[in-house]
Amino acid sequence: MKLQRMNRRALSLGALAVSGALALSACGTDDTGTSGSGDSSSSSTAAAGSIQCDDASGQILADGSSAQKNAIDAWVKNFTQACSGVQINYKGGGSGAGVTAFTQGTVAFAGSDSALEPEEIEASKEVCSGGQGIDLPMVGGPIAVGYNVPGVDNLVLDAPTLAQIFDSKITNWNDEAIAKLNPDAELPDLKIQAFHRSEDSGTTDNFTKYLIETTPDNWNYEGGKAWQAKGGQAASGSAGMAQQVQQNSGAIGYMELSYAKELSVVAIDTGAAAPVAASVDGATKAIADAKVVGTGKDLALELNYATQADGAYPITLVTYEIVCDKGNKADTLPATKAFLTYIASEEGQQVLADNDYAPMPADIISKVRTTVSELS
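The structure presented is a predicted model; accordingly, all values stated were derived computationally and were not measured. (Residues numbered from 1 in each chain as written. Predicted model: local features only at pLDDT ≥ 70, side-chain atom pairs only at ≥ 80, totals over all residues. Heavy atoms only, no water.)

Colleague: Pulling in residues and values, what's your account of the overall build of the chain?
Modeller: Helices and strands together make up the secondary structure of the chain, namely twelve helices and 15 strands. Accessible surface for the chain amounts to roughly 15000 Å². Of this, 45% is attributable to carbon and sulfur atoms. (Helix = DSSP H or I, 4+ residues; strand = E, 2+ residues; numbered from the N terminus. Areas by Shrake-Rupley, 256 points an atom, 1.4 Å probe, with all protein chains shown as cover.)

Printed below as a string of structure tokens:
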């Protein structure tokens, strides 16, 4: 199967340059880098029409996953157009920063590409009066492996070669292992520059979980949000990762698909009938095979990174919105609850599909909606 370079939609709610805190209000301008303002305006108005503001007002501070930042920006734009009394400031400083901010009680909710660890749940009880932090799976997406190799637009890799590339064991693009997977490609004699995230990252956690589960002999690390392999170069955030890959010949890096619009992306040989390219549909197929492993109202998922189902893209993450099941701050609860209700709605999930993210499977998002409605 000939795999062509990903050609994304011209309409992008959130560009690579977007970084730092973003506070949008109903009367604000389009700060999300939207192109084609006419279509965007009508789409936002239609989406905003179904949003229930209820008693939502004031400012919501949030932080966390940069992988979902483009989705959050689109959601915030729609929500604040409908609910003029609300401002939402989502920093997008990475999953580690988000969880830390949540357990310290400085944000109304956090975004994380990894479910809360037991010690983080325990810490959350200090800020969730009478309750604890819970994971609400809200955003799905493939982790694209973007690369910059002149003359090579269709590249296939498998788990062992990826592991050896990111562990500095394969260091040149014309290596025999890469050539074997790409017999028709003219691979250059070019040094590989492998980039990893510099900060604690849920994207790193999920990417390395894939390597641990599928090729443990080639990836002898425990995994987690912090990068552990030796060598390589560091980049900050999903946007920073994509920028470094785009600017450096011979580079390769991992990032959420919506950040890989300008890059060639690797197709993964999973053992299925054909290599699988990163796609929204492929991610949804993979997430549908996940199991809920959280207890009580916690909806943490266990993904099957070793899937060999045709069309299922294995390097997939789920971003959770983390809130208190009980004991949320009274001054921000109405706005937080209204915003989460919107993004879990059918309209909110459609925003994901329109922006290269994967909506949650129906049975999972149904549980999320019920849980959100019971937040207190």
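Colleague: Let's hear about the state of the cysteines: which residues, and what values?
Modeller: Applying the stated criterion to the full structure yields two disulfides. Disulfide pairing places C53 opposite C83 at an S-S distance of 2.1 Å. Residues C53 and C83 are joined through a disulfide that is left-handed, its torsion about the S-S bond being -95 degrees. Taken together, the residues C53 in the loop between α1 (37-48) and β2 (58-64) and C83 in the loop between α2 (69-82) and β3 (86-90) connect sequence positions 30 residues apart. In this structure, C53 and C83 share a single accessibility class: buried. Ordering the disulfide-forming cysteines of the chain by sequence position, one finds them joined as 1-2, 3-4. (Disulfide = S-S within 2.5 Å. Buried < 20%, exposed > 50% of the residue type's maximum accessible area, 1.4 Å probe, protein only.)

Colleague: Describe the sheet that holds strand β12 (residues 276-277), with residues and values.
Modeller: Spatially, the three strands line up as an open sheet ordered β6-β11-β12, and their pairing is mixed. Strand pairing shows two members of the sheet lacking a second neighbour, β6 (156-157) and β12, which therefore form its edges. In the sheet, strand β11 (residues 267-268) pairs with β12 via two bridges, with the strands oriented antiparallel. Bridge pairing links I268 to V276 in β12. (Pairing = 2+ DSSP bridges.)

Colleague: Residue-level account of the pattern of salt bridges, with values.
Modeller: Counted by the stated rule, this structure contains eight salt bridges. When the shortest N-O distance is used, the salt bridge between K261 and D356 registers 2.7 Å. Residue K261 is found in the loop between β9 (251-256) and β10 (264-265), and its partner D356 is found in the loop between α11 (346-353) and α12 (362-373); the two are separated by 95 residues along the sequence. The same class applies to K261 as to D356, namely buried. (Salt bridge = Lys/Arg side-chain N within 4 Å of Asp/Glu carboxyl O.)

Colleague: Would you mind going over the pairing of strand β5 (residues 133-147) in detail, with residue names and values included?
Modeller: Judged by how many residues are buried, β5 sits mostly within the fold: 15 of 15 residues are covered. Judged from the nine bridges that link them, β5 and strand β15 (residues 316-324) form a sheet pairing that is antiparallel. When the bridges of β15 are listed, D135 appears paired with I322. With two bridges connecting them, β5 and β10 associate as antiparallel partners. Its bridge partner lying in β10, G146 is registered against V265.

Colleague: Describe the pairing of strand β7 (residues 193-197), and please don't skip the residues or the numbers.
Modeller: Most of β7 is tucked away, with four of its five residues classed as buried. Bridge count for β7 against β9 is two bridges, and the pairing is parallel. Bridge pairing in β9 places Q193 opposite A251. Of the strand pairs in this sheet, β7 and strand β8 (residues 233-235) are connected by three bridges, and their pairing is parallel. Across the sheet, residue R197 finds its bridge partner in β8, namely A235. Running through helix α7 (residues 202-214), the crossover from β7 to the neighbouring parallel element β8 is right-handed. (Right-handed = clockwise from strand over helix to strand, strands pointing away.)

Colleague: Before we move on, could you go through the environment of K326 and cite the residues and values that matter?
Modeller: The residue K326 is located in the loop between β15 and α10 (333-344) in this model. Put simply, K326 and G131 are 195 residues apart on the chain and 4.5 Å apart in space, counted from C-alpha to C-alpha. Look past the residues within four positions of K326 in its chain and what remains in contact with it is C128, S129, G130, G131, Q132 and S376. (Contact = heavy atoms within 4.5 Å.)

Colleague: Please give an account of the packing of aromatic side chains that cites residues and values.
Modeller: Tallying each qualifying case throughout the model produces eleven aromatic pairs. Ring geometry for F166 against W227: centres 6.2 Å apart, planes inclined by 65 degrees, an arrangement best described as edge-to-face. Note that F166 is positioned in helix α5 (residues 159-166) and W227 in the loop between α7 and β8, a separation of 61 residues in sequence. Considered together, F166 and W227 belong to a single accessibility category, that of buried residues. Three or more aromatic residues joined by ring pairs make a cluster, and in this case those are F166, F207, W219, Y221, W227 and Y254. (Phe/Tyr/Trp six-rings, centres within 6.5 Å; stacked < 30°, edge-to-face > 60°.)

Colleague: Just give me the short version of the packing of α10 against α12, but keep the residues and values in it.
Modeller: Where α10 meets α12, the closest approach of the two axes is 10 Å, and the angle between their N-to-C directions is 165 degrees. By the criterion of interaxial angle, the relationship of α10 to α12 is roughly antiparallel. For α10 against α12, the interelement crossing comes out left-handed. Contact residues: K337, L340, T341 and A344 in α10; I365, V368, R369, V372 and S373 in α12. A class-by-class count of the residues in the contact of α10 with α12 yields five nonpolar, two polar and two charged. (Axes fitted to C-alpha atoms, helices over the stretch in contact; angles between N-to-C directions. Parallel < 35°, antiparallel > 145°, perpendicular 65-115°, else oblique. Left-handed = near helix turned anticlockwise from the far one by under 90°. Nonpolar A, V, L, I, M, F, W, Y, C, P; charged D, E, K, R; others polar.)

Colleague: Report on the nonpolar core, specifying residues and quantitative values.
Modeller: With 110 residues, the main nonpolar core has W75, M138, F166 and I252 as its most contacted residues. Beyond its immediate chain neighbours, meaning those up to four positions away, F166 contacts A194, F195, F207, W219, W227, A229, K230, I252, G253 and Y254. (Core = buried A, V, L, I, M, F, W, Y, C linked by side-chain atoms within 4.5 Å.)

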